[in-house]
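# Architecture at a glance
The residues making up each chain are set out below.
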Amino acid sequence: MKSTLRTIILCLMIGTFVSQAQEAPANKKQNGADVQPDNLFPRVLLETAVGKVLIELDRDRAPITVNNFLAYVVAGSYDGTVFHRVVRDFVVQGGGYDILYNPRDQREPIFNESGNGLKNEMYSIAMARESDPHSATNQFYFNMADNESLNPGKDWGYTVFGMVMEGGEVLDLIARAQTHTNPELGWDEVPIKQIVLKKATLLKEE
């Protein structure tokens, strides 16, 4: 019972951290559909302060979500952001804040594609959102366990749109970071030592 309650609370908190960034102005430019438009499985390299993570996106099953993510990548919106929330054996979340915890600009929220067949399993990447199922913008998270509770059931789930191909050990390291309640922001599970996503790069098509 305690485990179930903890999972529910953690899921709700994914949305809480998304809502914190809603004050940023929306950027309605390029939606990503014209980024390598014929590539169903684009790859993005994330260069973090503790190592590199290579992810492969699944545009076949999550076209809206992948296009949205690529739009942020090519615009440089993820460069210099922090992983602001780390929950061991659950998620590593980032994409929404710079090193001063100022929210990054957001585009319009996107349609929830959680019913695409991709699961919230270990080392998959998915979109964070609020309680509104169609509220995802720029924040994403990596699953650090097989989080079945985040998959769709009677209700909408959280949209998975890719998988880690290399660098799982880097995420393992981030997931072990010591966290605290940030005294200035009042947020829980913030890494004591900042972990920065230095740069996100769309790789050339093979």
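Structure first, text after, so check above.
Residues numbered from 1 in each chain as written. Predicted model: local features only at pLDDT ≥ 70, side-chain atom pairs only at ≥ 80, totals over all residues. Heavy atoms only, no water.

### Re the pairing of strand 5 (residues 91-94)
Put simply, the test is: A simple rule labels every residue: compare its accessible area, found with a 1.4 Å probe on the protein chains alone, to the largest value its type can have, and call it buried under 20%, exposed over 50%, or partly exposed in between. We count a stretch as a helix when DSSP gives it H or I for four or more residues in a row; a strand needs E for two or more, and each element gets its number in order from the N terminus. Strand pairing is assigned whenever DSSP identifies at least 2 bridges connecting the two strands.
Of the two faces of strand 5, both are covered, the one formed by Val-91 and Gln-93 as well as the one formed by Val-92 and Gly-94. Pairing of strand 4 (residues 85-87) with strand 5, which is carried by 3 bridges, proceeds in the antiparallel orientation. Pairing of Val-87 across the sheet is with Val-91, part of strand 5. Across 4 bridges, strand 5 lies against strand 7 (residues 140-143) in antiparallel orientation. By the bridge assignment, Gly-94 is partnered in strand 7 with Phe-140.

### Some details on the environment of Leu-45
The criterion, for reference: Any pair of residues with heavy atoms lying within 4.5 Å of one another is described as a contacting pair.
Structurally, Leu-45 can be placed in strand 1 (residues 43-48). When the C-alpha atoms of Leu-45 and Ala-200 are compared, they prove to be 5.7 Å apart, with 155 residues separating the residues in sequence. Ignoring sequence-local partners within four residues, the contact set of Leu-45 consists of Lys-52, Val-53, Leu-54, Lys-199, Ala-200, Thr-201 and Leu-203.

### Points about the sheet that holds strand 1
Our working definition: The convention used is that axes are lines fitted to C-alpha atoms, helices contributing only their stretch in contact, and that angles between N-to-C directions extend from 0 to 180 degrees.
Taken together, the 9 strands give an open sheet; going across it, the order is 3-11-1-2-8-6-7-5-4, and neighbouring strands pair in antiparallel fashion. Of all the strands in the sheet, just strand 3 (81-82) and strand 4 have a single pairing partner and so form its edges. Packing against the sheet, helix 2 (residues 63-74) makes contact with strand 1, strand 2 (51-57), strand 6 (124-127), strand 7, strand 8 (160-166) and strand 11 (196-202), and its axis sits at approximately 110° to strand 11. Each of strand 1, strand 2, strand 4, strand 5, strand 7 and strand 8 touches helix 3 (residues 168-175); the most contacted strand, strand 2, lies at about 115° to it.

### Some details on helix 2
Stated formally: In this analysis, the expected span of each helix is defined as 1.5 Å times one less than the number of residues it contains.
The terminal C-alpha atoms of helix 2 lie 16 Å apart, and with 12 residues this matches the ideal 16 Å at 1.5 Å per residue to within 8%. Of all 12 residues in helix 2, 9 are buried; the element is thus mostly enclosed. Three or more residues of helix 2 are buried, namely Thr-65, Val-66, Asn-67, Asn-68, Phe-69, Leu-70, Ala-71, Tyr-72 and Val-73. Structurally, helix 2 contributes buried residues whose contacts are with strand 1, strand 2, strand 6, strand 7, strand 8 and strand 11. Where helix 2 ends, the next residue or the one after it, Gly-76, has phi of about 75°, a positive value.

### Quick word on the packing of aromatic side chains
As a reminder of what qualifies: Classification of ring pairs rests on two measures: the distance between centres of Phe, Tyr or Trp rings, Trp counted by its six-membered ring, which must be within 6.5 Å, and the angle between planes, read as stacked under 30 degrees, edge-to-face over 60 and tilted in between. Counted as over-ring charges are cases with an Arg CZ or a Lys NZ within 6 Å of the ring centre that also lie within 35 degrees of the ring normal.
What the rule picks out here adds up to 10 aromatic pairs. Centre to centre, the rings of Tyr-78 and Phe-140 are 5.2 Å apart; their planes meet at 85°, and the pair counts as edge-to-face. Residue Tyr-78 is located in the loop between helix 2 and strand 3, and its partner Phe-140 is located in strand 7; the two are separated by 62 residues in the primary sequence. By relative accessible area, which is 1% here, Tyr-78 ends up buried. Using a relative accessible area of 0% as the deciding quantity, one classes Phe-140 as buried. An angle of 85° between the planes, with centres 5.9 Å apart, marks the rings of Phe-140 and Phe-142 as edge-to-face. Here Phe-142 falls in the buried class, since its relative accessible area comes to 0%. Counting every residue linked through ring pairs, the aromatic cluster contains Phe-69, Tyr-72, Tyr-78, Phe-140, Phe-142 and Phe-161. Taking NZ or CZ as reference, Arg-107 lies 4.7 Å from the ring centre of Tyr-72, over its face. Between Arg-129 and the ring centre of Tyr-158, over which it is positioned, the NZ or CZ distance is 4.1 Å.

All quantities given are derived from atomic positions and should not be read as evidence of function.
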